[in-house]
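Given next are the chains, with one letter for each unit.
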Amino acid sequence: MGQTLPITKGAGSRFHVANADKLSPAVAAYTIALGTFALIACRLGEVFGNKHVFVGGLSWSAVWSLVTGTSFYSTQSLFIASRAFQGVGAALTLPTGLSLLRAAVRPTGIRKTIIFAIHAAMSPIGLILGALGASFLVMLAWWPWVYWVFSVALVILAAISHFTIRSSPRRHRRPPGAHALTLELDLPGILTGSLSLGLFGFAWSQALAVGWQEAYIGIILTMSVILAGLFIMIETCYAPKPLIPYSAISWEVFWILVAIGCGWSCFGIWLFYGWQFVERLQDATPVAVSQAVCKWEFIRLTKLHIDDDLFLSHVSCWLLRCGNHTIHTPTGWASSHVLRRATEHLDR
């Protein structure tokens, strides 16, 4: 996400898109694909080995980062589609990387807590470094180089991971035969669940660009709801090894997930449109906007450490409230600051 925000202005100019909303699917496609395939990546890691899926995800992301940069010579559709395929690679690396880290740090204690807190901190730090690096490349070179440099870095990281990470034992032995493998992977659940989430996310992001009056938006939403119903029916009635452990889900867990999801959604929406406000209305350079974002990301760092403590403490309710306040409070403050600057700009 951080590497795409600084290039939206240049990409919009290349693809003849004046409205920033038309490029919001380029950011949304990545996060939708990541959220859709993360659960699937867990099952693939259990069957084929976390290391193989992790290295494969890095390689996949490298290929599609190369294609994303090359989309400069093609169309906006290829740019958005390649961003979605980048998100698939990130989804393959996120849960498998976490499993590899958990296997490498066996003893439970303060050392393991610190390591996982550092792991959580890499998200905002990565956003800051990605935004700053992309801003400098846009300023000094050309926006496709953002993705080409990232592709080279991923290839190097995949090679290092292949030779340095020890293979963790598989939780499930790979079954012989196509039918047994289908049941082990829960392919019907994978297909219906991924299609449902993907179509639902695509419909919402596309509606921002073209409006809800388009008939195909309603059709896609209806298809996603039908597929979601099929997914629930398959997982609860037919799948021998369902993707989601329903026995572990309670109303308390459900509302915790809803609260965390709403908090991150709030942050993502503000980050994209706040960036556009500052860059376009104040005529700020991407480097200047990245420096402004850095201040708010430090508050997000605090939130991530609170989330880490959330699962280690008995006062989870209060910690969850504090964690969401660390998103909503700076978001509201920054949004009012952006609107005040925008009003002054329009008055002039």
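Just above, that's the structure.
Residues numbered from 1 in each chain as written. Predicted model: local features only at pLDDT ≥ 70, side-chain atom pairs only at ≥ 80, totals over all residues. Heavy atoms only, no water.

**Details of the overall build of the protein chain**
Thought 1: Tallying secondary structure elements over the protein chain gives 12 helices and 0 strands in all.
Thought 2: Along the protein chain, helices (α) and strands (β) appear in the sequence α-α-α-α-α-α-α-α-α-α-α-α when read from the amino end.
Thought 3: The proportion of buried residues among the 348 residues of the protein chain is 43%.
Thought 4: If you take every contact in the protein chain between residues at least 6 apart in sequence, the share linking residues at least 24 apart comes to 78%.
Thought 5: Roughly 18600 Å² of accessible area belongs to the protein chain as shown, and the carbon and sulfur atoms make up 71% of that amount. (Helix = DSSP H or I, 4+ residues; strand = E, 2+ residues; numbered from the N terminus. Buried < 20%, exposed > 50% of the residue type's maximum accessible area, 1.4 Å probe, protein only. Contact = heavy atoms within 4.5 Å. Areas by Shrake-Rupley, 256 points an atom, 1.4 Å probe, with all protein chains shown as cover.)

**Observations regarding a nonpolar patch on the surface**
Thought 1: Where nonpolar side chains cluster on the molecular surface, the patch consists of I249, W251, V253, F254, W255 and L257 and spans about 660 Å² of accessible area.
Thought 2: Relative to the helices and strands, W255 is located in helix α10 (residues 251–281).
Thought 3: For W255, a relative accessible area of 52% corresponds to the exposed category. (Patch = residues over 30% accessible without salt bridge, like charges linked within 9 Å, V, L, I, M, F, W, Y side chains within 5 Å. Salt bridge = Lys/Arg side-chain N within 4 Å of Asp/Glu carboxyl O.)

**Quick notes on the nonpolar core**
Thought 1: If you look at the biggest cluster of nonpolar residues, it comprises 14 residues, and the most contacted ones within it are I7, A11, F15, F79, W143 and Y147.
Thought 2: The set of elements that each furnish at least two residues to this core consists of α2 (24–48), α4 (76–104) and α6 (144–164).
Thought 3: The residues touching F15, leaving out its near neighbours within four places in the chain, are S71, S74, T75, Q76, F79 and W143.
Thought 4: Counting residues in each nonpolar core, the second largest holds 12 residues, with V27, F267, L271 and V289 among its members. (Core = buried A, V, L, I, M, F, W, Y, C linked by side-chain atoms within 4.5 Å.)

**Thoughts on helix α9 (residues 215–238)**
Thought 1: The first and last C-alpha atoms of α9 sit 34 Å apart over 24 residues, in line with the 34 Å expected at 1.5 Å per residue.
Thought 2: By the burial criterion, the buried members of α9 are I217, I220, L221, S224, L227, F231, I234 and E235. (Expected span 1.5 Å × (residues − 1).)

**Considerations on the pattern of salt bridges**
Thought 1: Inspection of the entire model under this criterion finds 1 salt bridge.
Thought 2: Across the pair R43 and E46 runs a salt bridge whose closest N-O atoms are separated by 3.4 Å. Residue R43 and its partner E46 are located together in helix α2, separated by 3 residues, close to a single helical turn. Take R43 and E46: they sit in the same class, and that class is buried.

**Let's talk about the side chain of T68**
Thought 1: Counting through the fold element by element, T68 comes out in helix α3 (residues 50–70).
Thought 2: Reaching out from T68, the side chain makes a polar contact with the backbone oxygen of W64 at a distance of 2.6 Å.
Thought 3: With sequence-adjacent residues up to four places away left out, T68 is seen in contact with F79, S82, R83, Q86, W143 and Y147. (Polar contact = N/O pair within 3.5 Å; in protein donor to acceptor, adjacent residues only side chain to side chain.)

**Considering the packing of α2 against α4**
Thought 1: Packing of α2 against α4 leaves a shortest axis separation of 6 Å and a crossing angle of 35°. As for how α2 packs across α4, the hand of that crossing is right-handed.
Thought 2: Of the residues belonging to the contact of α2 with α4, the class tally is 20 nonpolar, 4 polar and 1 charged. (Axes fitted to C-alpha atoms, helices over the stretch in contact; angles between N-to-C directions. Left-handed = near helix turned anticlockwise from the far one by under 90°. Nonpolar A, V, L, I, M, F, W, Y, C, P; charged D, E, K, R; others polar.)

**Observations concerning the environment of H119**
Thought 1: With respect to the secondary-structure elements, H119 resides in helix α5 (residues 110–140).
Thought 2: By relative accessible area, H119 is classed as partly exposed at 31%.

**Notes on the environment of L58**
Thought 1: As for its position among the elements, L58 is in helix α3.
Thought 2: Judged by its relative accessible area of 6%, L58 is buried.
Thought 3: Sequence-wise, L58 and A158 are 100 residues apart; in three dimensions their C-alpha atoms are separated by 5.7 Å.
Thought 4: When residues no more than four places from it in sequence are discounted, the contact partners of L58 are T93, L154, L157, A158 and S161.

**Topic: the packing of aromatic side chains**
Thought 1: In this structure the tally under the stated criterion is 15 aromatic pairs.
Thought 2: Between F15 and F79, the aromatic rings sit 5.7 Å apart at their centres with planes inclined by 40°, giving tilted as the arrangement. Taken together, the positions of F15 in the loop between α1 (8–14) and α2 and F79 in helix α4 put the pair 64 residues apart, joining distant regions of the chain.
Thought 3: A relative accessible area of 10% places F15 in the buried class.
Thought 4: A relative accessible area of 1% means that F79 is categorised as buried.
Thought 5: Relative to W142, the ring of Y73 lies with its centre 6.1 Å away and its plane at 75°, an arrangement referred to as edge-to-face. Taken as a pair, Y73 in the loop between α3 and α4 and W142 in the loop between α5 and α6 lie far apart in primary sequence, 69 residues in all.
Thought 6: One aromatic cluster is present, built from ring pairs that chain together F15, F72, Y73, F79, W142, W143, W145, Y147 and W148. (Phe/Tyr/Trp six-rings, centres within 6.5 Å; stacked < 30°, edge-to-face > 60°.)

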